[in-house]
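# Examining the three-dimensional arrangement
What follows is each chain in one-letter form.
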Amino acid sequence: MMVSRCLLRPCRGSLRPLSMLAALLILSLGAGPLVAGVPKPDFVIHGQIHNGCLQPFTAEMGVRAEARREDGSVVAAMLLGADSDDPNGYVLRVETDSGAPPYRPGSVLLDEVLDIVVVREDSVLHHAQAYVGAHGFLLRQDFGDEDGAVFEAADAGPDLLACGASVQLQAVIPQQGSGQWLVLSGDGGVFADPSDPHSTFTGIIGRDYHLRWELSNPPCGASVDQTWVSLLPAGEPAEAGADRTLCGVTTTFLNARTPSVGSGTWTLLSGVGGFVENRHDPQSAFRGVIGEQYQLRWRLSEESCGAREDQVMVTFQAGDALVPTILGATSACSSEPVYLEASPGFAGYQWSTGATTRGIWVDAAETANYTVLATSADGCAAAARHLVTRTPGVLAVAIENETVALCDPNGVFQLRARAGCGAGGPYSYHWELTAGPPAGGSFANPDTATPRFTPLGHGVYRFQVTVTDRDGAEQSADSHVFRFNNDLNGDGSVDDHDQAMRIAAWGAREVAVEHDLDGSGTVSVLDLLISRACY
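## Here's the deal with the overall build of the protein
Scanning the protein from terminus to terminus reveals two helices and 38 strands. The buried share among the 535 residues of the protein stands at 38%. When contacts within the protein are restricted to residue pairs at least 6 apart in sequence, those whose partners lie at least 24 apart make up 55%. Counting every atom, the protein has about 27700 Å² of accessible surface; 52% of that belongs to carbon and sulfur.

Next comes the structure, spelled out in structure tokens:
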């Protein structure tokens, strides 16, 4: 018997071609010559499924090929990628029955119609029908395929430099499946819609963010791509400083505001004999000629936020020179606040930070110049410049009340610590009682710089405070305080006899006690004074 060519490939007018995105199904007859009226017990249906993903099926994907009866019961099944040498192929073996009793359990009757389906969870990737004839399985109708999955490589788009706190992301829109944005690094970043490839992303100006775009398109595997987003100050103005008239001098310091991002350049637009010492220094020295007026331009240039500019007029004229001075530290740890103060006697002050007060606090982490333009009551201006050199510095901790004697029997210790340098604040504090009388005591707010401790016994209490800076560096310091019984002579009352002993102790020239009260390791006059400290 000749087998129809329709068993090997679709015939025109009888079967519709399979979707290129879903499956190619090939059914073949596994039967040899038949004895009349006796069906061969085993028949095989085999085929291949190409789901469009650019990788083979695996057992973890859970894709199954099944032969089902009309009532939905499964008579043969297999898991693609697990039960065959071909990860995209399947083999279904079923038994047939002639229909004459006794029936073989699980067998398929002749002339029965079977559904051949390939499914993943509840999704049908391919569906065809076959019927069992006297000579084996004949393909009857191919119902085509649902839209199959297509593997896509995720594309998060280019790295972005944005002017401001928000930016629109530029991931490629997936043809199928869905995506999800995640922040890999960077604090304070949020997505308006994490599933939108063109979502608005908002963060903190001055921060860099590492983002990931992940595509999911079952049964294909996930695909990821990454991008960087840098948020720069938006529209930061170029501030060249106030116009000024200088009297009796030919040199001044320019007063442009230092940009937080990018750099600036001075250009002399008009005036004879003017010279900018450092064209890229916002507080550069500028020299001119008495009787001449100069127009200068301060222009900011940033890689992505464009260029902005401002101008200032500087006039040198004859008159009495009154030059200000700036008092303040010239070196400090990084991020440690420094107070700068201009000399008195001027009607107004204009700092390069934008402040207009006589004194200012500065806490920049980097070495920087600070310039003040001071204007007198008659309108003459003069400038002074002050350099603050910054060094990394080691985190330092100081305890303000390192040694305290507590006389009130019902009193509490007020502890106070102060941190500086390191990476700067905010600092976190943690206090512990490291030694003390057996009665001990209790803390109130031990995780602050100024906790309170209630002692329950008499003697020496030792404390340790541990401080952590904003980068996680730690430093500790110790404090010891004293609490003693006011009844010095032990007669059961605090009276003039105790006071007399105290006065005598203050005048003593020799050690008259037997205990090392301050914990120094030796007995000294300090121990004597501490023991007589309270009345």
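## Some words on unusual backbone geometry
At Asn445, a position not held by glycine, the phi torsion is positive, near 60°. Along the chain, the position of Asn445 falls in the loop between strand 35 (441–444) and strand 36 (452–455).

## Side note on the pairing of strand 6 (residues 113–120)
Across the eight residues that make up strand 6, a large majority, seven, are buried. With six bridges connecting them, strand 2 (residues 63–68) and strand 6 associate as antiparallel partners. Paired with Arg64 across the strands is Val119, a residue of strand 6.

## Description of the state of the cysteines
On inspection of all chains with the given rule, the structure shows one disulfide. There is a disulfide in this structure between Cys247 and Cys380, and the S-S distance comes to 1.7 Å. Handedness of the Cys247-Cys380 disulfide follows from its S-S torsion of about -70°: it is left-handed. Residue Cys247 is located in strand 16 (residues 244–247), and its partner Cys380 is located in the loop between strand 28 (368–375) and strand 29 (381–391); the two are separated by 133 residues in the primary sequence. When sorted by exposure, Cys247 lands in the same class as Cys380, which is buried.

## Considering the sheet that holds strand 25 (residues 338–342)
To summarise the sheet geometry, strands pair through backbone hydrogen bonds and adopt either a parallel or an antiparallel arrangement. Read across the open sheet, the three strands follow the order 23-25-27; overall the sheet is antiparallel. Only two strands of the sheet have a single neighbouring strand rather than two, namely strand 23 (326–327) and strand 27 (359–362).

## Quick look at the packing of aromatic side chains
Enumeration according to the criterion identifies 14 aromatic pairs in this entry. Both rings, one in Phe201 and one in Tyr209, keep their centres 5.1 Å apart while their planes meet at 75°; by these two values the pair is edge-to-face. You'll find Phe201 and Tyr209 in the same group, each marked buried. When the ring of Phe453 is compared with that of Phe463, the centres are 4.9 Å apart and the planes differ by 75°; the resulting orientation is edge-to-face. Of the two residues, Phe453 sits in strand 36 while Phe463 sits in strand 37 (residues 459–468), which places them ten residues apart along the sequence. Neither Phe453 nor Phe463 differs from the other in exposure class; each is buried. Counting every residue linked through ring pairs, the aromatic cluster contains Trp181, Phe191, Phe201, Tyr209 and Trp213.

## Digging into the sheet that holds strand 10 (residues 166–168)
With antiparallel pairing, the three strands of this open sheet are ordered in space as 10-13-12. Of all the strands in the sheet, just strand 10 and strand 12 (190–191) have a single pairing partner and so form its edges. Where strand 12 and strand 13 (residues 200–202) come together, two bridges link them in antiparallel fashion. Residue pairing in the sheet places Phe191 in a bridge with Phe201 of strand 13.

## Focus: the pattern of salt bridges
Applying the stated criterion to the full structure yields nine salt bridges. Here Glu239 ties to Arg257 by a salt bridge, and the two come within 3.8 Å at their closest N and O atoms. Taken together, the residues span a long stretch of sequence, with Glu239 in the loop between strand 15 (220–232) and strand 16 and Arg257 in the loop between strand 17 (251–253) and strand 18 (263–270) at a distance of 18 residues. You can call Glu239 partly exposed: its relative accessible area is 29%.

## Here's the deal with the confidence of the model for the protein
With 69% of its residues at a pLDDT of 70 or more, the protein shows a mean pLDDT of 75. Within the model, pLDDT remains below 50 along residues 1–40, and this stretch shows 78 contacts once partners closer than five positions in the same chain are excluded.

## Some thoughts on the environment of Ser352
By secondary structure assignment, the location of Ser352 is in the loop between strand 26 (348–351) and strand 27. Considering only alpha carbons, one finds Ser352 and Pro282, 70 residues apart in sequence, at a separation of 8.6 Å. Non-local contacts of Ser352, meaning those with residues more than four positions away in its chain, are made with Asn255, Ala256, Arg257, Thr258, Gln283, Asn369, Tyr370 and Thr371.

## Looking at the environment of Phe286
If you trace the backbone, Phe286 turns up in strand 20 (residues 285–287). On a C-alpha basis, the gap between Phe286 and Thr251 in space is 5.7 Å, while along the polypeptide they are 35 residues apart. Not counting residues up to four positions away in its chain, the partners in contact with Phe286 are Thr250, Thr251, Thr252, Leu254, Leu268, Gly274, Phe275, Val276, Tyr294, Leu296, Val314 and Phe316.

## Side note on the side chain of Arg390
Summarising the element assignment, Arg390 is placed in strand 29. You can call Arg390 buried: its relative accessible area is 8%. Polar side-chain contacts of Arg390 include one of 3.3 Å to the backbone oxygen of Val362.

What counts, and where the lines are drawn
Residues numbered from 1 in each chain as written. Predicted model: local features only at pLDDT ≥ 70, side-chain atom pairs only at ≥ 80, totals over all residues. Heavy atoms only, no water. Helix = DSSP H or I, 4+ residues; strand = E, 2+ residues; numbered from the N terminus. Buried < 20%, exposed > 50% of the residue type's maximum accessible area, 1.4 Å probe, protein only. Contact = heavy atoms within 4.5 Å. Areas by Shrake-Rupley, 256 points an atom, 1.4 Å probe, with all protein chains shown as cover. Pairing = 2+ DSSP bridges. Disulfide = S-S within 2.5 Å. Phe/Tyr/Trp six-rings, centres within 6.5 Å; stacked < 30°, edge-to-face > 60°. Salt bridge = Lys/Arg side-chain N within 4 Å of Asp/Glu carboxyl O. pLDDT = per-residue confidence, 0-100. Polar contact = N/O pair within 3.5 Å; in protein donor to acceptor, adjacent residues only side chain to side chain.

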